[in-house]
Amino acid sequence: MVVLWKGLHYCMWMADKPLIQEELADNICSVMHLFQDDVQMLLFIQVYFDTTAREWAGIDRLRLDKFMMLMRRFLRQCFAWLQRKKWKKPLLKRFIMTLCKAPISPSGNKCPDGIRYHFADIYLEELARTAGTALSPKKVLIFLHPYIKFLAMCPNKGLVSFVRSRIFEEIIQLSDIGINPEDEKEMAAIQAFGLQTGEKPQEDEFCLRFNYESISRWLIHFASDTKKCLERNRKILYELAKMFDDLSRGIYPLKDLEIPSDDEDPNDLLEDEDIQRVVNEIKLLNRGELPKKRKAKPAKEKKNKKQKKAKMSEESADQTEQQGSPAHERVRSLRQCSNAHRLHPQGSSQPAVRGSPRYWS
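Not measured: the values here are computed from a predicted model. (Residues numbered from 1 in each chain as written. Predicted model: local features only at pLDDT ≥ 70, side-chain atom pairs only at ≥ 80, totals over all residues. Heavy atoms only, no water.)

> How would you explain the overall build of the protein if you had to name every residue and give the values?
Scanning the protein from terminus to terminus reveals 15 helices and 0 strands. Residues counted as buried form 33% of the 361 residues belonging to the protein. Counting only contacts in the protein whose residues sit at least 6 apart along the sequence, the fraction spanning at least 24 positions is 71%. Accessible surface, the protein: about 24,400 Å² in total, of which carbon and sulfur atoms supply 53%. (Helix = DSSP H or I, 4+ residues; strand = E, 2+ residues; numbered from the N terminus. Buried < 20%, exposed > 50% of the residue type's maximum accessible area, 1.4 Å probe, protein only. Contact = heavy atoms within 4.5 Å. Areas by Shrake-Rupley, 256 points an atom, 1.4 Å probe, with all protein chains shown as cover.)

Shown next as structure tokens:
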């Protein structure tokens, strides 16, 4: 199976032109329907993700799009295979366990981050395209279990934030409570998201059915588990649980952006001082007189300068304390004598200064 997928991978690698790539992707994905044994089918899926994870680092940016398109269509055919099997619960659990080994793995050692980002982006979209309302909320929750566990155990902050927004917050945004009835006509005119080249949007509207209260309970269950949930991810799980609990009671939990209406004057949102300051800066910028910002000095230089100033102040204080004492006068006279000896060395016509080395001899 490993040799088979390596050959299919490089067959896709050599494919050129978009239409040829799409046809080849469909032909590769249709192979899975030839398997009669479920174990062999799950092995075929697992080896695909293992091969893609192994070869992902060698894919250049020019070939990346077609391999992402292959993953999307492969996931779509996986859901179609599960649909043909009538979404049997034991088969669903084995399929989810296969996904948790690679694209939904919380650990980055098994799968690159690029695959995990892309898989989270297409996961619910392809499930809704294939299953739609035919899938019960209990079975939809089975598909959400791996990503709830992912939020609890993943140490990558960027991936956790992406999964939160792309999976869970999108469920809230696309709920009946989150969609304004007045905006439904405008949304219907927008082309379906995620369509590939040459595809046509389907006329039927597909949407998944969720049990928001059950999702909230499962989020709390994983957040309360000290062994499986990371400490920094626990707050995120509790926040999502609170959102889904509010959603189950008919309260929309996400805050919308406040956009000023046409009746409001934009000048009322700013103070007069701010407007005048911006106008003055624009005038200076047009004349080329805007002063450059001073670069902040490094903290080490500031610290060294402070230490030098403190040392100099201590030395000056010691000198003022010693000034006027007999020892201080004696040292000063010796310094004057040594300076005079340098200016008028021995044998010169200048008279010797009392206290100089010449006078002592």
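> Give me the lowdown on a positive patch on the surface, citing residues and values where you can.
Taken together, the side chains of Lys101, Lys110, Lys149 and Lys228 make up a positively charged region of the molecular surface. Along the polypeptide, Lys101 turns up in the loop between α5 (89-100) and α6 (113-130). Judged by its relative accessible area of 40%, Lys101 is partly exposed. (Patch = residues over 30% accessible without salt bridge, like charges linked within 9 Å, V, L, I, M, F, W, Y side chains within 5 Å. Salt bridge = Lys/Arg side-chain N within 4 Å of Asp/Glu carboxyl O. Lys, Arg positive; Asp, Glu negative; His and termini not counted. Charge placed at Lys NZ, Arg CZ, Asp CG, Glu CD.)

> Lay out the pattern of salt bridges with the relevant residues and their values.
Considering all chains together, one arrives at 21 salt bridges under this definition. Glu231 is the salt-bridge partner of Arg234, the closest N and O atoms lying 2.6 Å from each other. In this pair, Arg234 and Glu231 both sit in helix α11 (residues 231-248), 3 residues apart, roughly one turn of the helix. On the basis of relative accessibility, which here comes to 14%, the residue Arg234 falls in the buried class. Sharing partners across several salt bridges, the network here consists of Arg72, Arg76, Asp121, Glu125, Glu126, Arg129, Arg166 and Glu170.

> Please provide a residue-by-residue account of the environment of Ile104, values included.
Secondary-structure assignment places Ile104 in the loop between α5 and α6. Residue Ile104 is classed as buried on the basis of its relative accessible area, which comes to 1%. Put simply, Ile104 and Ala120 are 16 residues apart on the chain and 7.9 Å apart in space, counted from C-alpha to C-alpha. Those residues in contact with Ile104 that sit more than four places away from it in its chain are Leu99, Phe119, Tyr123, Pro146, Tyr147 and Phe150.

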